[in-house]
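If you want the building blocks of each chain, they are given just below.
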Amino acid sequence: MNALTSSDFVEAAEPFDLFSQWFEDAKAKELNDPEAMVVATANADGLPDARMVLMKEWSPEGFVFYTNAESAKGRQLAENPKAAGLFHWKSLRRQVRLRGPVEPVSEAESDAYYDSRPRDSRIGAWASQQSRPLESRFALEKAVASYAAKYAIGEIPRPPYWRGFRIKPVAMEFWQDRPFRLHDRVRFFREAPGQDWRKERLYP
């Protein structure tokens, strides 16, 4: 695909080449965490929840993040395996929104990413009962010390509850700031992952 300028991105034929260009721009110009992504989930009753995560991998198959499957987001995804994601690159005045069904990544993918993390982060995955009540900071530090002693030598196995999830988008919207709030917006959508994309331009 030919490089798209900020004025002609709405002419893109499909979303992933466009995301690739915008993400490369963000990595070059965004000061902090260009891979930061809001992930919104909902429980079985439809009550929404949102938080920032780090997107660790993306491809035309979807957008991957890792978490404790026993956390709030993990429990919500078990009840309602759909999610929305949002990238906001303030320095570029751009946003990308996406939503679709969610699936766990393979055990091999989870193992490979877990093994690439710093040792202290792997210890932290064992020590943190993510999203559950914590009586004190000392209790967390005690758990970290306990697991650090347990795994002082050798490899640290991946906790069985720690895994990756992939959002497989059925809709992706690209938003570019324009003067007087007359922003450019283009939305790609399809009925299900794997199908062909359609496109429409949106009013700001």
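Below or above, wherever it landed, is the structure these notes cover. (Residues numbered from 1 in each chain as written. Predicted model: local features only at pLDDT ≥ 70, side-chain atom pairs only at ≥ 80, totals over all residues. Heavy atoms only, no water.)

## A closer look at the packing of aromatic side chains
- In total, this model carries 23 aromatic pairs according to the counting rule given.
- Measuring from ring centre to ring centre gives 6.4 Å for Phe 16 and Trp 58, while their planes differ by 15°; the resulting arrangement is stacked. Of the two residues, Phe 16 is situated in helix α1 (residues 15-29) and Trp 58 in strand β3 (residues 57-59); the sequence distance between them amounts to 42 residues.
- Judged by its relative accessible area of 6%, Phe 16 is buried.
- Overall, the relative accessible area of 23% leaves Trp 58 in the partly exposed class.
- A ring pair is formed by Phe 19 and Phe 23, whose centres lie 5.6 Å apart and whose planes are at 15°; its orientation type is stacked. Taken as a pair, Phe 19 and Phe 23 lie in helix α1 at a separation of four residues, close to a single helical turn. (Phe/Tyr/Trp six-rings, centres within 6.5 Å; stacked < 30°, edge-to-face > 60°. Helix = DSSP H or I, 4+ residues; strand = E, 2+ residues; numbered from the N terminus. Buried < 20%, exposed > 50% of the residue type's maximum accessible area, 1.4 Å probe, protein only.)

## As for helix α3 (residues 107-116)
- Within α3, burial applies to Ser 110, Tyr 113 and Tyr 114. The buried side chains of α3 occupy one side of the element, clustering within an arc of 100° when seen end-on. Turned more than 90 degrees from where α3 packs its buried face, Ala 108 and Ser 116 sit exposed.
- Those residues of α3 that are buried lie in contact with β4 (62-68), α4 (119-127) and β7 (162-167). (Arc of directions from axis to C-beta. Contact = heavy atoms within 4.5 Å.)

## Section: unusual backbone geometry
- Positive phi values are uncommon outside glycine, yet Asp 33 reaches one of about 50°.
- In this fold, Asp 33 is placed in the loop between α1 and β1 (36-42).

## Description of the nonpolar core
- Counting residues in each nonpolar core, the largest one holds 31 residues, and the members touching the most others are Phe 19, Phe 87, Trp 89, Met 172 and Phe 174.
- Looking at this core, the elements with two or more residues in it are α1, β1, β4, β5 (82-89), β6 (94-104), β7, β8 (171-176) and β9 (184-189).
- With six residues, the top contributor of residues to this core is α1.
- Leaving out residues up to four positions away in the same chain, Trp 89 has contacts with Phe 19, Trp 22, Phe 23, Ala 26, Glu 30, Pro 34, Arg 94 and Val 96.
- Val 105, Ile 123, Trp 126 and Ile 156 belong to the second largest nonpolar core, which has 12 residues in total. (Core = buried A, V, L, I, M, F, W, Y, C linked by side-chain atoms within 4.5 Å.)

## Some words on the pattern of salt bridges
- One pass over the full model with this rule turns up 18 salt bridges.
- As a salt-bridge pair, Arg 97 and Glu 173 come within 3.0 Å of each other at their nearest N and O atoms. Here Glu 173 lies in strand β8 and Arg 97 lies in strand β6, a separation of 76 residues in the sequence.
- Classification of Glu 173 as buried rests on a relative accessible area of 6%.
- By sharing partners, the salt bridges in this structure join Glu 61, Glu 103, Glu 109, Arg 166 and Lys 168 into a single network. (Salt bridge = Lys/Arg side-chain N within 4 Å of Asp/Glu carboxyl O.)

## Details of the pairing of strand β2 (residues 48-54)
- By the bridge criterion, seven bridges tie β1 to β2 in an arrangement that is antiparallel. Within β2, the position partnered with Ala 42 by the bridge is Pro 48.
- Between β1 and the antiparallel strand that follows it, β2, lie five residues; Gly 46 among them carries a positive phi value of about 90°. (Pairing = 2+ DSSP bridges.)

## Quick notes on the pairing of β1
- A large share of β1 lies buried, amounting to five of its seven residues.
- Judged from the three bridges that link them, β1 and β5 form a sheet pairing that is antiparallel. Residue pairing for β5: Val 39 is matched across the bridge by Gly 85.

Function cannot be inferred from these measures alone, as they are strictly geometric.
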